[in-house]
Amino acid sequence: SKCFKEKNENYWKSLVEKNCGKLWKILNNILCKESFNNFVTPHTANDFADFFTAKILKIKKNILRSGEPIINCRSDVDLKLCEFIQVSQPQVRQFVIGSPSTSCMIDSMPANVFKQYIDYFLPYFTGLINLCLSTGTFPAVYRHAIVVPLLKQSSLDVDVLKSFRPVSNLTFVSKIWERIVFK
């Protein structure tokens, strides 16, 4: 036990010493603290929230004012969508394994851990997806995102709110769900 403990400590100490330059980058990646923008702006989070909210309300108002949409459908194609087709465990597993291992700050576990242990979660995750598809509901816990203001172009002025666009960082599970529904 003592020998194992010493070897374990030496292993981690050696790993840290060899990768000292990469350590903070790796740690920030594990903790999902990667930097989205490398700029300084005088705006607060509330400034961005107010600006993006006003922009969304303006778009909604314009949509409502534009009236009923005119949709020209091809007569040779049946476009009815009455229900979603249930997915199988192998299909869900393929979506999970084939997805990038990107995590969000609000993920309950990192994507790479979820992927590593997918076979344990698979029956429950597949059942939840199929239940939601059959009932037309989506769990409130997955309806959250981290919204980050992203500079549209590096040449734009960071003092102007219109220079930014909102980027929603979804949880890993929400992204999987989105891909399954899309396919």
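Note: the structure precedes this text.
Residues numbered from 1 in each chain as written. Predicted model: local features only at pLDDT ≥ 70, side-chain atom pairs only at ≥ 80, totals over all residues. Heavy atoms only, no water.

Caption draft 1: Representation of the overall build of the protein chain in the model. A count of helical and extended segments in the protein chain gives seven helices and two strands. When its helices and strands are written in sequence order, the protein chain yields α-α-α-α-α-α-β-β-α. The buried share of the protein chain, taken over its 183 residues, is 22%. Nonlocal contacts in the protein chain, meaning residues at least 24 apart in sequence, comprise 68% of its contacts between residues at least 6 apart. Surface accessibility of the protein chain: about 14,400 Å² in total, with carbon and sulfur atoms responsible for 59%. (Helix = DSSP H or I, 4+ residues; strand = E, 2+ residues; numbered from the N terminus. Buried < 20%, exposed > 50% of the residue type's maximum accessible area, 1.4 Å probe, protein only. Contact = heavy atoms within 4.5 Å. Areas by Shrake-Rupley, 256 points an atom, 1.4 Å probe, with all protein chains shown as cover.)

Caption draft 2: Geometry of the packing of aromatic side chains. One pass over the full model with this rule turns up 11 aromatic pairs. For the pair F125 and W177, a centre-to-centre distance of 6.0 Å together with 90 degrees between the ring planes defines the contact as edge-to-face. With a gap of 52 residues between them, F125 in helix α6 (residues 118-135) and W177 in helix α7 (residues 172-182) connect regions that are remote in the sequence. (Phe/Tyr/Trp six-rings, centres within 6.5 Å; stacked < 30°, edge-to-face > 60°.)

Caption draft 3: Spotlight on the packing of α6 against α7. At a closest axis distance of 12 Å, the pairing of α6 and α7 adopts a crossing angle of 55 degrees. Judged by the inter-axis angle, α6 sits oblique to α7. Where α6 crosses over α7, the two elements pack in a sense that is right-handed. Contacts between α6 and α7 involve F125, L128, I129, C132 and L133 from the first element and V173, I176, W177, I180 and V181 from the second. Its residues assigned to classes, the contact of α6 with α7 shows 10 nonpolar, no polar and no charged. (Axes fitted to C-alpha atoms, helices over the stretch in contact; angles between N-to-C directions. Parallel < 35°, antiparallel > 145°, perpendicular 65-115°, else oblique. Left-handed = near helix turned anticlockwise from the far one by under 90°. Nonpolar A, V, L, I, M, F, W, Y, C, P; charged D, E, K, R; others polar.)

Caption draft 4: Main features of the pattern of salt bridges. By the definition in use, this model includes one salt bridge. A salt bridge links D119 to R93; the nearest nitrogen and oxygen atoms lie 2.8 Å apart. Here R93 lies in helix α4 (residues 89-98) and D119 lies in helix α6, a separation of 26 residues in the sequence. The class for D119 is partly exposed, based on a relative accessible area of 49%. (Salt bridge = Lys/Arg side-chain N within 4 Å of Asp/Glu carboxyl O.)

Caption draft 5: Up close: a nonpolar patch on the surface. Taken together, the side chains of Y11, W12 and L15 present a nonpolar region at the surface, about 320 Å² in accessible area. Structurally, Y11 is set in helix α1 (residues 2-18). Of the residues examined, Y11 reaches a relative accessible area of 47% and is grouped as partly exposed. (Patch = residues over 30% accessible without salt bridge, like charges linked within 9 Å, V, L, I, M, F, W, Y side chains within 5 Å.)

Caption draft 6: Spatial organisation of α6. Here α6 spans 24 Å end to end across 18 residues, near enough to the 26 Å set by a 1.5 Å rise per residue. Bending of α6 peaks at approximately 30 degrees at the position of Y124. Buried residues of α6: I118, L122, F125, T126, I129, N130, C132 and L133, and no others. For α6, the secondary structure elements touched by its buried residues are α4, α5 (111-116) and α7. Looking one or two places after α6, you find G136, whose phi comes out positive at around 70 degrees. (Expected span 1.5 Å × (residues − 1). Bend = angle between axes of the 7 residues up to and from the residue.)

Caption draft 7: Summary view of the nonpolar core. V92, V96, F114, F125 and I129 are the most contacted members of the largest nonpolar core, which totals 16 residues. Of all elements in the fold, only α4, α5, α6 and α7 reach the threshold of two or more residues within this core. In terms of residue count, the dominant contributor to this core is α6 (six residues). Aside from chain neighbours lying at most four places away, what touches F114 is V96, M109, F121, F125, F172 and V173. In this structure, F51, F52, V158 and L161 belong to the second largest nonpolar core, which totals seven residues. (Core = buried A, V, L, I, M, F, W, Y, C linked by side-chain atoms within 4.5 Å.)

Caption draft 8: Looking closely at the environment of A49. Topologically, A49 is positioned in helix α3 (residues 45-65). Separated by 98 residues in the primary sequence, A49 and V147 have C-alpha atoms spaced 9.0 Å apart.

These figures come from the coordinates and say nothing about function on their own.
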